[in-house]
Amino acid sequence: MAMVPYRVSGAGADQRADERLLLLPGGVQLRLRQVAAPLPLSGGAAGRPSGTAAPAGAVGPPLERLADVGLVVWQAGWVLAEYLLRVAPFCGRGGGPGWRSVTAVDLGTGTGLVGIALAAAGARVVLTDLPHVLPLAAANLAANCDPRVTRAALCAYRWGDDPAAGCTAAGEPGCTAAGGTAAAAVSFSPLVGLELDLITAGDVLYHPELAAPLMRAVQVLSAPHTVTYVSYKVRAGGEAA
């Protein structure tokens, strides 16, 4: 049996490692590159030791100081991916059972953990995040999914915006086609016209200011039948206020 270093494998592995190895239900195994976050969130969003109470009115550091936290594999994302792949997938509007019938969007995809896991299981997935995060997600998607069989795309999207404006203009970074291949000729958003069965967001509520934009994005993107799953870790006590 091959030995996998503990610091890079599993949900609780070292977030300073360059790579994370995750074995998920259904035989989905992901090797994800990551970049160490400049401000650890596991000890409290304001840098307090775990288990200590947040001061009254504290909301943690300004959001601009947390711009790069999406470049790390966070535990709540692993929990969400593990849960979704473990439970029997519901039938999407595409017809038959299984993930092949499911169309999904992963909001705040970060390293791509949840979106790539769903794509590897067979779902049609659009992975979205801010433009500076997408190159890492694209690299991880290309490294883990065969573009010949995987129905996955990446798109820059700011929560609550009109999906028609969610993808960057042709020739600019931030919009990629299936398999993570640069789509220089694409000027439309892959979000346009989707009848979503599933919206996912793994560990994106790490600051109270993010709750309202996330809810706007869910409202904008949802169809009447859409199901949304949000997973997050309570750190300072006010993340989902």
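The chain goes by Methyltransferase-like protein 21A in an unreviewed UniProt entry, where it is assigned to Tetrabaena socialis.

The subject of this paragraph is a nonpolar patch on the surface. Side chains of Val 230, Tyr 232 and Val 234 sit close together on the surface and give an oily, nonpolar patch of about 240 Å² of accessible area. Relative to the helices and strands, Val 230 is located in strand S8 (residues 227-231). With relative accessibility at 32%, the residue Val 230 sits in the partly exposed group.

Now for unusual backbone geometry. Positive phi values are uncommon outside glycine, yet Asp 203 reaches one of about 55°. Relative to the helices and strands, Asp 203 is located in the loop between strand S7 (198-202) and helix H4 (211-221). In this structure Asp 203 comes out as buried when scored by relative accessible area, which is 5%.

What follows concerns the packing of aromatic side chains. Taken as a whole and judged by the stated rule, the model has one aromatic pair. Seen from their ring centres, Tyr 83 and Tyr 229 are 6.0 Å apart, and the 55° between their planes marks the pair as tilted. Highlighted residues: Tyr 83 in helix H1 (residues 75-86) and Tyr 229 in strand S8, separated in sequence by 146 residues. According to the relative accessible area criterion, Tyr 83 is partly exposed, its value standing at 41%. Given a relative accessible area of 25%, Tyr 229 falls into the partly exposed group.

A few words on the environment of Ala 36. As for its position among the elements, Ala 36 is in the loop between strand S2 (28-33) and H1. When the C-alpha atoms of Ala 36 and Leu 71 are compared, they prove to be 7.0 Å apart, with 35 residues separating the residues in sequence.

This brings us to the nonpolar core. One finds Trp 99 and Leu 118 to be the most contacted residues of the largest nonpolar core, which totals 31 residues. When residues of this core are traced back to their parent elements, those giving at least two are strand S1 (19-24), S2, H1, helix H2 (113-121), strand S4 (124-129), helix H3 (134-144) and strand S5 (152-156).

Basis of the calculations
Residues numbered from 1 in each chain as written. Predicted model: local features only at pLDDT ≥ 70, side-chain atom pairs only at ≥ 80, totals over all residues. Heavy atoms only, no water. Patch = residues over 30% accessible without salt bridge, like charges linked within 9 Å, V, L, I, M, F, W, Y side chains within 5 Å. Areas by Shrake-Rupley, 256 points an atom, 1.4 Å probe, with all protein chains shown as cover. Salt bridge = Lys/Arg side-chain N within 4 Å of Asp/Glu carboxyl O. Helix = DSSP H or I, 4+ residues; strand = E, 2+ residues; numbered from the N terminus. Buried < 20%, exposed > 50% of the residue type's maximum accessible area, 1.4 Å probe, protein only. Phe/Tyr/Trp six-rings, centres within 6.5 Å; stacked < 30°, edge-to-face > 60°. Core = buried A, V, L, I, M, F, W, Y, C linked by side-chain atoms within 4.5 Å.

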